Amino acid sequence: MRAVFYFMCLLFQTALNQPKVPDEDFLGPAQCLDQKYTRLSCSKVFCPPWRRCIAGQCVCKMPNKCPQQKIKACTLDGSEYNSMCQANAISCRTKRPIFSHFSQSCKAEDKVDVMVSDSNNVVEIKTKLGKMPVCANGWDMAAANVVCRNPKGVDRGAEVASNIPYGSLDEATKWSKECMRVRCTGSELSLAECTIYNPEPIKTGVAVIKCYEEPPGECKKFLCANGKCLIHGKPCDGVDDCGDNSDEMCCQKCQGRAFLCKSGVCIPHYAVKDGIRDCLGGEDELDETDKAIENTFTDPMSEIREMRSSAESQLQCGIPNKQDDHSSRRKRSAGWEETLPTQIQWQVAIQDKGLIRCGGAYLGGCWVLTAAHCVSPKPKSFRIKLSVWKKHRPQSTTDIVPVKNIIIHHEYNNQTYANDIALVQLEELYLSDKCMDYNPAVRAVCVPWSTQQFQPNDTCIISGWGRGGTLKWANVTLVGDCEHYFKDRFLPGMECAGDLEGRVDSCQGDSGGPLVCTDASGLSYLWGIVSYGNKCSELNHLGVYTKVVHYFEWIRSKTGWPAVTKFNQ
C-alpha cells in the first residue's frame, strides 16, 4: 500500500511540475484576432440551417425557407412548426428561445423547461420524465453560457462551469437520484436546443453555474469579441467559453483533444466524424465511420445532420462524373501534361467570331465565368463550347451553346486588369429553362465563398490549350506575398500562383481559364481566373489570377442564384 501511495504522490507531483503552456502559444496571428471573428463569421465556419451566409456574416433566414421534417418541432407555448429550423429562424429574429422538443403531438406536459435552483445554483431540466439535475459529466462552459443567457438573462453567459457532489445538495429539497447529461455548441438560446441524454444514475455530481460578472480593472486574460474577459476558460480548446465562439476562431494549434481546422478554428473532439461538416474543407469528416448510437432523449443535431445532407445533395458541383481514371493525373508534376478527353469537366472554350481565344469555367445552370478582357458586350458574337479536348476538333461529348448575355464587372479596368471578371449567360433551349441537355462529360465547379478555404502554399490546378491544340493541365502553388513580385500592379481581388522555379505558369494556358483548388473532402473550387502573366516561365515569375472568392457576392447578385456554393446556402 505504501508503494502505491508513494507512486500516486509521485504522479501528482509530476503533474504539478509540468510546465504550463501559455494561451499565446495556441492563438493565431494578431491580424486574425483583430477581425473579431465569431460563430456568425461564415468566412471561417458554416452557418446553421436557419441562417444563411451574406457578406461574410450568418444572417437569419426567412422561416418559410426551412424545409419540412418528419417530426414536428414543439414550442414552449404549445405551437407546432415543421422543423426546429423553422422555430429557430423565428428565434433568430426575436432573440428569444421558443423551441421545446420534438414530437408528433405537442402536449403541454411534454414541454422541456430549464431552471436554476435557489440553493447551490444547481441546473435542472424538467421534461415529461420529471425534474432532474444536469449531470456533472460533460458539463462545460458552452452549456453554462446557454443557461446563464436563459433563463438567468446574463448576455455574456457564465464565468465558470463547475459541479458539486450529490451529497452536498440542500437536504431540505427532494432531489432526483438520476441526472441528464447535456451537450451544447454554445450557440443555443436555451438548453432545450442542446443534445439531452436519457437519465442516468448520478455518479460524479451535478452541474452548477456562476454567471459572468465584469471583473474590476483591465482584462489580463483572453478578451472575447463580445467583451467578455475569459477568467477561467481556455482559448483554442474546442469549447465555446466566450459565448460567441471567438476564443476558438483564431488558433494555430488546439489544446487537449480539440481538432484544428485548416482555417484556424478549433472544434470539439466529438464533432469529428459526426456526419456534420464543421471545417470549411471537410477535413473533420474524412474517413467517416459509423459511430455508436447514443442514448439521447432529444437530439437536435440529427435534424441539422439531415437538413445539411439534404441541402448539399441538391447541388452538384466540384466532383467530376466518373468518365476516366484521373488519379494518375493528379500527382505533382514538373510541367504541363495533356488531359484525358473528359478530365476537366468544367473547362469551357470561349469562341469569338469562330475562333477560340479564351477559356472559362462552367458554374452550373446557364452560367460561365471568365476574364473580362476575354469578352465584349456583344453576346451574339460568342459561342461557348463545353467538353472540348482537341481545340479544333469536336468530340462526341462536345456541346456548343449560344450566348444570351455578357455581364462585365462594372469596375473592370483594361489597363490595370483590376476586376478582370465577367459572367456569360447561356441561351436557353426552346421552351425550356435549361441551356443544354444532360451531358455526363460536363460538370460544374464550385464557387468559393471564403478567403479561408485555400491559403498560400496550397497546390492547385490550371488548365488550358495554350499554344497547342490539346487541353493540358499543370500544378501550381498559391503564393502569399504577391506584392513582392508585382509591386503596385498587384491589386485587391487578385491572386498569384505558379512555380518559382519557372517550369510552369498560366501564361502557357488560356486567358479566362480556371485555377481550381480541391479541399480535403475532394470538392473542387474555382479559386482563380487566368488574368495576366509576366515573363512567361522564367525564374521567380508568376501568373496573376482574378481571385474568384473576392467576387462571390457580385456573382450571386448577378446570377440571382440563391445557392451558388455547395455549402452555406
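Higher on the page you've got the structure.
Residues numbered from 1 in each chain as written. Predicted model: local features only at pLDDT ≥ 70, side-chain atom pairs only at ≥ 80, totals over all residues. Heavy atoms only, no water.

Enquirer: Could you clarify how one ought to interpret the side chain of His101 in this entry?
Expert: Inspection of the secondary structure puts His101 in strand S5 (residues 99–102). One polar contact links the side chain of His101 to the main-chain carbonyl oxygen of Asp110, over a distance of 3.5 Å. Beyond its immediate stretch of four places on either side in the chain, His101 contacts Lys72, Ala73, Cys74, Lys107, Asp110, Lys111 and Val112. (Helix = DSSP H or I, 4+ residues; strand = E, 2+ residues; numbered from the N terminus. Polar contact = N/O pair within 3.5 Å; in protein donor to acceptor, adjacent residues only side chain to side chain. Contact = heavy atoms within 4.5 Å.)

Enquirer: In this structure, what is going on with the packing of aromatic side chains? I would like to understand it.
Expert: Inspection of every chain in the model, using the stated rule, returns 8 aromatic pairs. Three or more aromatic residues joined by ring pairs form one cluster here, namely Phe46, Trp449, Phe454, Tyr525 and Trp527. The ring of Tyr37 is capped by Lys44, whose NZ or CZ atom sits 5.3 Å from the centre of that ring. When the ring centre of Tyr197 is taken as reference, the NZ or CZ atom of Arg181 above it lies at 4.1 Å. (Phe/Tyr/Trp six-rings, centres within 6.5 Å; stacked < 30°, edge-to-face > 60°. Lys NZ or Arg CZ within 6 Å of the ring centre and 35° of its normal.)

Enquirer: I tried to follow the sheet that holds strand S11 (residues 182–183) on my own but got confused; where do I start?
Expert: The pairing of strands in a sheet comes from backbone hydrogen bonds and takes either a parallel or an antiparallel form. One open sheet holds the 3 strands; their spatial order is S11-S12-S19, and the pairing between them is antiparallel. Edge strands, defined here as strands with exactly one partner in the open sheet, are S11 and strand S19 (296–298). (Pairing = 2+ DSSP bridges.)

Enquirer: Please clarify how unusual backbone geometry should be interpreted in this entry.
Expert: Omega for the peptide link from Asn150 to Pro151 comes to 20 degrees, which places this bond in the cis form. On the secondary structure map, Pro151 appears in the loop between helix H4 (141–149) and strand S9 (158–164). We note that Ser387 has phi near 55 degrees; this positive angle belongs to a residue other than glycine. Inspection of the secondary structure puts Ser387 in the loop between strand S24 (382–386) and strand S25 (399–408). In this structure Ser387 comes out as buried when scored by relative accessible area, which is 6%. Phi is positive for Lys487, which is not a glycine, with a value near 55 degrees. (Buried < 20%, exposed > 50% of the residue type's maximum accessible area, 1.4 Å probe, protein only.)

Enquirer: Just checking my understanding: could you explain the state of the cysteines for this structure?
Expert: In a disulfide, the sulfur atoms of two cysteines are covalently bonded to one another. A full pass over the atoms with the stated rule returns 19 disulfides. Disulfide pairing is shown between Cys135 and Cys179; the S-S distance is 2.0 Å. Taking the torsion about the sulfur-sulfur bond, which here is approximately 100 degrees, the covalent link between Cys135 and Cys179 counts as right-handed. On the criterion of sequence distance, the pair formed by Cys135 in the loop between strand S8 (130–133) and H4 and Cys179 in strand S10 (residues 178–179) is long-range, its members being 44 residues apart. Classification of Cys135 by relative accessible area gives buried; the value is 2%. For Cys179, a relative accessible area of 2% gives the class buried. With a sulfur-sulfur separation of 2.0 Å, Cys224 is cross-linked through a disulfide to Cys242. A torsion of -80 degrees about the S-S bond marks the disulfide between Cys224 and Cys242 as left-handed. Pair noted here: Cys224 is in the loop between strand S15 (222–223) and strand S16 (229–230) and Cys242 is in the loop between S16 and strand S17 (259–260), with a separation of 18 residues, a long-range link. With respect to burial, Cys224 and Cys242 carry one shared label: buried. (Disulfide = S-S within 2.5 Å.)

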